[in-house]
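Report on the structure
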Amino acid sequence: MDLDVAFRSVGEFGCCQRWLTGFLILLQIYIACQSMLIVLVGAVPAYHIDSEDVKIDKDDDFTKHVRFDANFTSIVSEWYLIKEEAYKVNLASSLYFGGLLIGNVVFGPLSDKLGRRPVYLTGLFLDIVFSYVTALAHNYEIFAMSRLFVGMMNGGMALVSFVLTQEYVGKSYWALTGSLTNLMFAVGIAVYALLGYYIRNWRTLAIVVNSPGIVFFLLSFLLPESPRWLYSQGYTSKAEDVLQYMARGNGREGLPIKLKDCGVKQSNGDSRHSVFDLVKYKLLLWRTLVLMYIWYVCSLVYYGLTLNAGDLKGNLYLNVALSGLVELPAFPLCLFFIERKWCGRGRATAGFLTFAGLACLFTMFLTDNNRMQD
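First things first, this report covers the structure right here in the doc. Within any chain, residue numbers begin from 1 and follow the written order of that chain's sequence. Predicted model: local features are reported for residues with pLDDT of at least 70 only, side-chain atom pairs are reported and counted for 80 or more only, and whole-chain, interface and lining totals are derived from all residues. Hydrogens and water are ignored here; the side-chain numbers use all heavy atoms of the structure.

Details of the packing of aromatic side chains
Keep this limit in mind: Here the aromatic set is Phe, Tyr and Trp, taking the six-membered ring for Trp, and pairing holds for ring centres within 6.5 Å; pairs whose planes are under 30 degrees apart are stacked, those over 60 apart are edge-to-face, and all others are tilted. To qualify as a helix, a DSSP run of H or I must reach at least 4 residues; to qualify as a strand, a run of E must reach at least 2; elements of each kind are numbered from the N terminus. Whether a residue is buried, partly exposed or exposed follows from its accessible area with a 1.4 Å probe, protein chains only, as a fraction of its type maximum: under 20%, in between, or over 50%, in that order. Two conditions define a charge located above a ring, namely a distance within 6 Å from the ring centre to NZ of Lys or CZ of Arg, and an angle within 35 degrees of the ring normal.
Following the criterion strictly, the structure yields 19 aromatic pairs and no others. Measuring from centroid to centroid gives 5.5 Å for Tyr 47 and Phe 68, while their planes differ by 50°, and the two rings are tilted. Taken as a pair, Tyr 47 in strand S1 (residues 47-49) and Phe 68 in strand S2 (residues 66-68) lie far apart in primary sequence, 21 residues in all. Arranged with centres 5.1 Å apart and planes meeting at 90°, the rings of Tyr 197 and Tyr 198 form a pair that is edge-to-face. Using a relative accessible area of 62% as the deciding quantity, one classes Tyr 198 as exposed. Following the ring pairs from residue to residue traces out a cluster consisting of Tyr 96, Phe 97, Tyr 302 and Tyr 303. It is Lys 238 that lies over the ring of Tyr 235; its NZ or CZ is 5.2 Å from the centre.

Looking at a nonpolar patch on the surface
Selection rule: Nonpolar side chains (Val, Leu, Ile, Met, Phe, Trp, Tyr) within 5 Å and like charges within 9 Å form the patches, drawn only from residues with over 30% relative accessible area and no salt bridge. All accessible-area figures derive from a Shrake-Rupley calculation using a 1.4 Å probe, and residue coverage is judged against the displayed protein chains alone. We count a salt bridge whenever a side-chain nitrogen from Lys or Arg sits within 4 Å of a carboxyl oxygen from Asp or Glu.
A cluster of nonpolar residues, Leu 101, Ile 102, Val 105, Val 106, Leu 110 and Leu 114, forms a patch on the protein surface that exposes about 520 Å² of accessible area. The residue Ile 102 is located in helix H6 (residues 87-114) in this model.

So, the packing of helix H2 (residues 15-35) against helix H8 (residues 140-167)
Geometry of a packed helix pair, given as the angle between the helix axes and the separation of the axes. Selection rule: Working convention: axes come from line fits to C-alpha atoms, limited for helices to the stretch in contact. Angles between N-to-C directions cover 0 to 180 degrees. Any angle that is under 35 degrees is reported as roughly parallel, and any over 145 degrees as roughly antiparallel; angles of 65 to 115 degrees are reported as roughly perpendicular and all others as oblique. By convention, the crossing between two helices is left-handed when the near helix turns anticlockwise from the far helix through less than a right angle, and right-handed when the turn is clockwise. Contact between two residues is taken to exist if any of their heavy atoms lie within 4.5 Å; hydrogens are not considered. Throughout, the ten residues Ala, Val, Leu, Ile, Met, Phe, Trp, Tyr, Cys and Pro are labelled nonpolar, Asp, Glu, Lys and Arg are labelled charged, and all others, Gly among them, are labelled polar.
For the pair H2 and H8, the least separation of the axes is 10 Å and the interaxial angle reads 160°. Considering their axes alone, H2 and H8 lie roughly antiparallel with respect to each other. For the element pair H2 and H8, the recorded crossing hand is left-handed. Each of Thr 21, Leu 24, Ile 25, Leu 27, Gln 28, Tyr 30, Ile 31, Gln 34 and Ser 35 in H2 lies in contact with H8, whose residues at this interface are Arg 147, Val 150, Asn 154, Met 157, Ala 158, Ser 161, Leu 164 and Thr 165. For the contact of H2 with H8, the class distribution of residues is 9 nonpolar, 7 polar and 1 charged.

Notes on the pattern of salt bridges
For the structure on display, the rule yields 6 salt bridges. The shortest N-O distance in the salt bridge between Lys 171 and Asp 4 comes to 3.2 Å. Residue Lys 171 is found in the loop between H8 and helix H9 (174-198), and its partner Asp 4 is found in helix H1 (residues 3-10); the two are separated by 167 residues along the sequence. In this structure, Lys 88 and Glu 85 form a salt bridge, with 2.9 Å as the shortest nitrogen-oxygen distance.

Laid out in C-alpha cells, this is it:
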C-alpha cells in the first residue's frame, strides 16, 4: 500500500501521534526561551554615572563611577556594556541569529541524509551544553561565542523537530500541527517573561530556562524515526515497524501493513530529489524565491518587534509577555482560513500579508502625526 494509505489505516492523528507531536510542540517553549534570552539577559538596568566626563575604558576607575539599579542583573550590569560598549548586546543577539541561519542551512540536508532522529538528538544535546556555557560565561567574549553556537543548534534542532511533528501525522493534520507548533512558541515567550519576573539574576535565569532541555533530551530517546524519511530512503521494513508501533498506540494492534517499494535503493542511501531541484524547475524556483522573500520580511518585522519589546515604555516583563500573547488569536484564524476551499493557503497568505502591510502603514502614519504635533 501507499504510505498515505497506510497512515489512514493506522490513524492519521491517533493517540500515539498526539503524544508524539504534543511532546515536540511543548519543546517549542524551550526553543522560545533560548531565542528570546537576550531580551531579558541583555536588558539595560537604570544606572547613573557620577561624572559624565569619565571615559569608557572599562578599567577599575570607570567601574567605580557607575551605579546600576539593583532591581535586576544582566550582562550589561556585569560587564558594563553601556555608552560606547552598548553595541555588544546587539552583537550577541546578531551572533545568535547568524548561528540560526547556519543551523537551518546545515541541519536540513543532514537530517535528509542521516535521519531526523539522530540529527535532532545531537542538536538538542549540544544546544543544552552551549546554553550552560552561556549561563556560566566569565566574560563577554565567551558569552557571545556561545550564543553563536546556541543559535546554530537551536535553529537546526527546531527545524528538524518541526519536520518530525509533520511527518508523524497524516497530511490532513499538517495545518493543525504546524499551527500548534507556532502557537506554543508564542506561549513560550510569555513563559520566559514570567520566569524573568521572578528570577532577577541573569545567570540563574539562563540556567533555569535551559534545564528543562535535559528532560526533553532524555524523553526524546523514546521518539521513533520518521516513517516518511525511512520510506523515502528505501527502508521499507523499518517504516512498517514504526507504523505498526503507531497502530498499537492507536488501539489498532495487528493491523496488516505492507508498503509498496518506493524505488529507492538502500545501497547508496541517496534520495531521488535534492535541493538542486529548486533550480531545475522554473516554476518551483519562482515560488521558492517568493516564499523566501515573504519569510524574510515576516521574520524581519517579527523579531524586530519582539526583541525590542524590552525597549518600550512601561513594565519590561509585561511588554515581553504581551509580545508573545498578542500572537495567539492569529493561529486559530490562520487554521480556519487555510482549511477552507474558498481560501486555502495562497489566498490566506496574501490576505494576512495585505492586512499586516496596511497595519504597518497605519502605525507609521500615526507615529508621524504624533511627532508633528509634539
